[in-house]
Amino acid sequence: MNVYDSEQISKGLKPLQYKMTSSPEMADLIIVNTCAIREKAEQKVFSFLGRLARLKRKKPDLILGVGGCVAQQEGLNILKRLPYLDLVFGTHAIGRLPGMIERIEAKKCRIVDVEMPEGIDESVFSVDTEDRDRVASFVTIMQGCDNYCTYCVVPFVRGREASRNPEKIVGEIRGLVESGIKEVTLLGQNVNSFDKKEGLCSFPELLSLINKIDGLLRIRFTTSHPKDLSDDLIYAFKNLDKLCNHIHLPVQSGSDSVLKRMNRKYSSDYYLAKVDKLRNICPDIAITSDFIVGFPGETEDDFNETLDLIKTVQYDDIFAFKYSDRPNVPSTLFRHKISEQDKKDRLIELLKSQEYYTKKRNEVLVGSTQSILVEGLSKKQVKTDANSENIHQNIQWTGRTSTNKIVNFIPNNDTSFHDENFSGRIINVRIEKALSHSLQGIPTLDSRFRGNDII
Ligand code: SAH
Ligand code: SF4
């Protein structure tokens, strides 16, 4: 979400003649987009801003701004705390940012804007047709969250849930496809409750509209809340040819008493029934999840129930976090806080128990042929190329399976392969090796003759 917001920020500043630079030293304007989800993310913001203060001392005309969730949460406090800062703007102020920058340029004033007007500001959603190198793009379809999980700061810093107009979303995606985008990831804190308030079209209906867009090859979305996972959405995985075979379905804990105190509004049995249904209807679907360890009052038994759930589901991959107290959220006041050491130990144990399944689910793919959408040269390759005369030697490409697994491949000995630009194409790759977080393969010969098929 922050990546997408940063893109909208930089697009909005183009009419003011600002363009991206490759280093902070060259910049006339630096905007730091921030995340407040855990304390550590927030601490990083302030240490980074401390480093930027040195730049500002050397270059007093440099405009320094802070946006995003920490800005929304702290507002004026940040300007008071950091005298070298020019601007603090919240999550609903991106559309007003160009006006603020113009005022700072003209009047050398300092500005705080953390207003959160109701509804969606469509002016911030526009397509950047200049960036033609990218294959995949994020598209925000809704803002905010009304779920109020007791540990979470999102409802406070991103405001009430509001969905964009389906026609506007489809229009934005059409524009992206015209500029070369092949895959979109629809974003929302709770994407599957899309349009619950507005009543124009349900999330599965939106997916079918997007599925009809010519030239678009793949659709992904994140994040889904288990309580809103309808049968229609489960069947969409089976029926919509462009919808990728992957769902991120955060469970947070396997203990019913912890889930209740988290206000997640489902039990572990309910969650497991959803997983069964997904796998019955769409057997190849990849399932990933988020977990919080050390929630206040989490006992050893509660934690063991979470480990049991991991064994039962056998996820493709997970993200896990140590519980972090956040300002204003109810769980901050809950008693029986878990010690830092216990949280750390539980996190290590949880990640270790998942490691086996991540590897296992990758290993079963060895020997199979997978359709992958190629995103470009692999990062390792891009680095080597900078110092290399001969970029065609051992060139390594990277892409993803429909199940969201990263596949790196080096074209085989058929030399005509070496000159091909695979970027943005769906090709077949035979999987040769499974590593812990990626796969390695070789394109099959038929890949050369495939156009932009939908897989
Ligand atoms: N809207 C999504 C994700 C929101 S934030 C959802 O409901 O699943 C991403 C993840 O951060 C959450 O799934 C949760 O695992 C984690 N998280 C949120 N607040 C946290 C906190 N206070 N401490 C630790 N992890 C947290
Ligand atoms: Fe936070 Fe997600 Fe819960 Fe909303 S649904 S409150 S974003 S964890």
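If you're wondering where the values come from, they're calculated on a predicted model, not measured in any experiment.

**Topic: the nonpolar core**
Then, number 1: Core analysis: the largest hydrophobic core is formed by 54 residues, its most contacted members being Ile141, Ile173, Leu186, Phe203, Leu207 and Ile210.
Then, number 2: Residues from two domains meet in this core; each of domain 2 (118-244) and domain 3 (247-364) gives at least three.
Then, number 3: The residues touching phenylalanine 203, leaving out its near neighbours within four places in the chain, are Ile141, Leu186, Val191, Asn192, Phe194, Phe221 and Leu233.
Then, number 4: Within the second largest apolar cluster, 25 residues are counted, among which are Ala53, Cys69, Val88 and Val153.

**A closer look at the environment of arginine 81**
Then, number 1: Locating arginine 81 in the fold gives a position in helix H4 (residues 76-81).
Then, number 2: Taking the C-alpha atoms as reference points, arginine 81 and phenylalanine 334, 253 residues apart in sequence, are found 29 Å from one another.

**Some thoughts on unusual backbone geometry**
Then, number 1: Of note, the bond from threonine 222 into threonine 223 is cis; its omega dihedral lies within 30 degrees of zero at 5 degrees.
Then, number 2: Structurally, the position occupied by threonine 223 is in the loop between strand S9 (218-222) and helix H9 (231-239).
Then, number 3: The residue lysine 108 is not glycine, and still its phi comes out positive at about 55 degrees.
Then, number 4: Residue position: lysine 108 is located in the loop between helix H5 (97-107) and strand S4 (111-113).
Then, number 5: Its identity as a non-glycine residue notwithstanding, aspartate 195 has a phi of 65 degrees, on the positive side.
Then, number 6: With respect to the helices and strands, aspartate 195 occurs in the loop between strand S8 (183-187) and helix H8 (203-211).
Then, number 7: Classification of aspartate 195 as buried rests on a relative accessible area of 4%.

**Describing the packing of helix H1 (residues 2-13) against H5**
Then, number 1: Relative to each other, H1 and H5 sit at 55 degrees, their axes nearing to 9 Å. As the angle between them shows, H1 and H5 are arranged oblique. The two elements H1 and H5 cross, and the hand of that crossing is right-handed. Touching Ile9, Gly12 and Leu13 of H1 are Leu97, Pro98 and Ile101, all from H5.
Then, number 2: Residues that form the contact of H1 with H5 fall into these classes: 5 nonpolar, 1 polar and no charged.

**Let's talk about the sheet that holds strand S16 (residues 426-434)**
Then, number 1: Pairing is mixed around the closed barrel formed by 5 strands, whose spatial order is S13-S14-S15-S17-S16. Within the sheet, the average angular offset between the axes of one strand and its neighbour, ignoring direction, is 50 degrees.

**Here's the deal with the packing of aromatic side chains**
Then, number 1: As enumerated under the stated definition, the model contains 12 aromatic pairs in all.
Then, number 2: Look at tyrosine 266 and tyrosine 270: their rings are 6.4 Å apart centre to centre, the planes differ by 25 degrees, and that puts the pair in the stacked class.
Then, number 3: Considering the side-chain rings of phenylalanine 295 and tyrosine 323, the 5.5 Å spacing of their centres and the 80 degrees angle between planes classify their relative orientation as edge-to-face. Separated by 28 residues along the polypeptide, phenylalanine 295 in the loop between strand S11 (286-293) and helix H12 (300-313) and tyrosine 323 in the loop between strand S12 (317-322) and helix H13 (340-363) bring together distant segments of the chain.
Then, number 4: Tyrosine 323 sits in the buried class, given a relative accessible area of 5%.
Then, number 5: The residue whose ring lies beneath arginine 38 is phenylalanine 321, and the NZ or CZ to ring-centre distance is 3.7 Å.
Then, number 6: Sitting over the face of the ring of phenylalanine 46, arginine 81 holds its NZ or CZ atom 3.8 Å from the ring centroid.

**So, the pattern of salt bridges**
Then, number 1: This model, assessed by the stated rule, comprises 24 salt bridges.
Then, number 2: A salt bridge links aspartate 146 to lysine 197; its shortest N-O distance comes to 2.7 Å. Here aspartate 146 is found in the loop between strand S6 (142-143) and helix H6 (154-158), whereas its partner lysine 197 is found in the loop between S8 and H8, with 51 residues between them in sequence.
Then, number 3: Taking the relative accessible area as the measure of exposure, aspartate 146 reaches 25% and is therefore partly exposed.
Then, number 4: Close ionic contact of glutamate 375 with arginine 400 constitutes a salt bridge, the shortest N to O distance being 3.1 Å. With glutamate 375 in strand S13 (residues 369-377) and arginine 400 in strand S14 (residues 397-401), this residue pair connects regions lying 25 residues apart in the sequence.
Then, number 5: Among the residues examined, glutamate 375 registers a relative accessible area of 30% and is labelled partly exposed.
Then, number 6: Residues participating in the shared-partner salt-bridge network are Glu122, Arg164 and Glu172.

**Things to note about the domain arrangement of the chain**
Then, number 1: The domain boundaries assigned to the chain delineate domain 1 (2-113), domain 2 (118-244), domain 3 (247-364) and domain 4 (369-448).
Then, number 2: In this assembly, domain 2 packs against domain 4 so that about 750 Å² is buried in total across both faces, 57% of it on carbon and sulfur atoms.
Then, number 3: Of all residues in domain 2, Val135, Arg218 and Arg220 bury the most surface against domain 4, accounting for 63% of the area lost on that side.
Then, number 4: Between domain 2 and domain 4 we count 0 salt bridges in total.
Then, number 5: Seen at the junction of domain 2 and domain 4, the total is 4 residue pairs in polar contact (both at pLDDT 80 or more).

**Describing a positive patch on the surface**
Then, number 1: Taken together, the side chains of Arg51, Arg54, Arg57 and Lys58 make up a positively charged region of the molecular surface.
Then, number 2: With respect to the secondary-structure elements, lysine 58 resides in helix H2 (residues 39-58).

**Some details on the site of ligand 2**
Then, number 1: All residues in the neighbourhood of ligand 2 are listed as Cys145, Asn147, Tyr148, Cys149, Tyr151, Cys152, Val154, Pro155, Gln189, His225 and Arg264.
Then, number 2: Among the residues forming the shell around ligand 2, the class breakdown is 7 nonpolar, 3 polar and 1 charged.

**Notes on the sheet that holds S12**
Then, number 1: Here 3 strands make up an open sheet; going across it, the order is S10-S11-S12 and the pairing parallel. Strands at the two margins of the open sheet, each flanked by one partner only, are strand S10 (246-248) and S12. Ignoring strand direction, the axes of neighbouring strands in this sheet form an average angle of 10 degrees.
Then, number 2: Relative to S11, S10 runs parallel, the two being bridged by 3 bridges. Directly across from histidine 246, in S11, lies its bridge partner alanine 286.
Then, number 3: Helix-sheet contacts for H13 involve S11 and S12, and the interaxial angle to S12 is about 180 degrees.

Definitions and cut-offs
- Residues numbered from 1 in each chain as written.
- Chains lettered and ligands numbered in written order.
- Predicted model: local features only at pLDDT ≥ 70, side-chain atom pairs only at ≥ 80, totals over all residues.
- Heavy atoms only, no water.
- Core = buried A, V, L, I, M, F, W, Y, C linked by side-chain atoms within 4.5 Å.
- Buried < 20%, exposed > 50% of the residue type's maximum accessible area, 1.4 Å probe, protein only.
- Domains from an automatic or database assignment.
- Contact = heavy atoms within 4.5 Å.
- Helix = DSSP H or I, 4+ residues; strand = E, 2+ residues; numbered from the N terminus.
- Axes fitted to C-alpha atoms, helices over the stretch in contact; angles between N-to-C directions.
- Parallel < 35°, antiparallel > 145°, perpendicular 65-115°, else oblique.
- Left-handed = near helix turned anticlockwise from the far one by under 90°.
- Nonpolar A, V, L, I, M, F, W, Y, C, P; charged D, E, K, R; others polar.
- Pairing = 2+ DSSP bridges.
- Phe/Tyr/Trp six-rings, centres within 6.5 Å; stacked < 30°, edge-to-face > 60°.
- Lys NZ or Arg CZ within 6 Å of the ring centre and 35° of its normal.
- Salt bridge = Lys/Arg side-chain N within 4 Å of Asp/Glu carboxyl O.
- Buried area = accessible area lost by both parts, 1.4 Å probe.
- Polar contact = N/O pair within 3.5 Å; in protein donor to acceptor, adjacent residues only side chain to side chain.
- Patch = residues over 30% accessible without salt bridge, like charges linked within 9 Å, V, L, I, M, F, W, Y side chains within 5 Å.
- Areas by Shrake-Rupley, 256 points an atom, 1.4 Å probe, with all protein chains shown as cover.
- Lys, Arg positive; Asp, Glu negative; His and termini not counted.
- Charge placed at Lys NZ, Arg CZ, Asp CG, Glu CD.
- Near = heavy atom within 4 Å.

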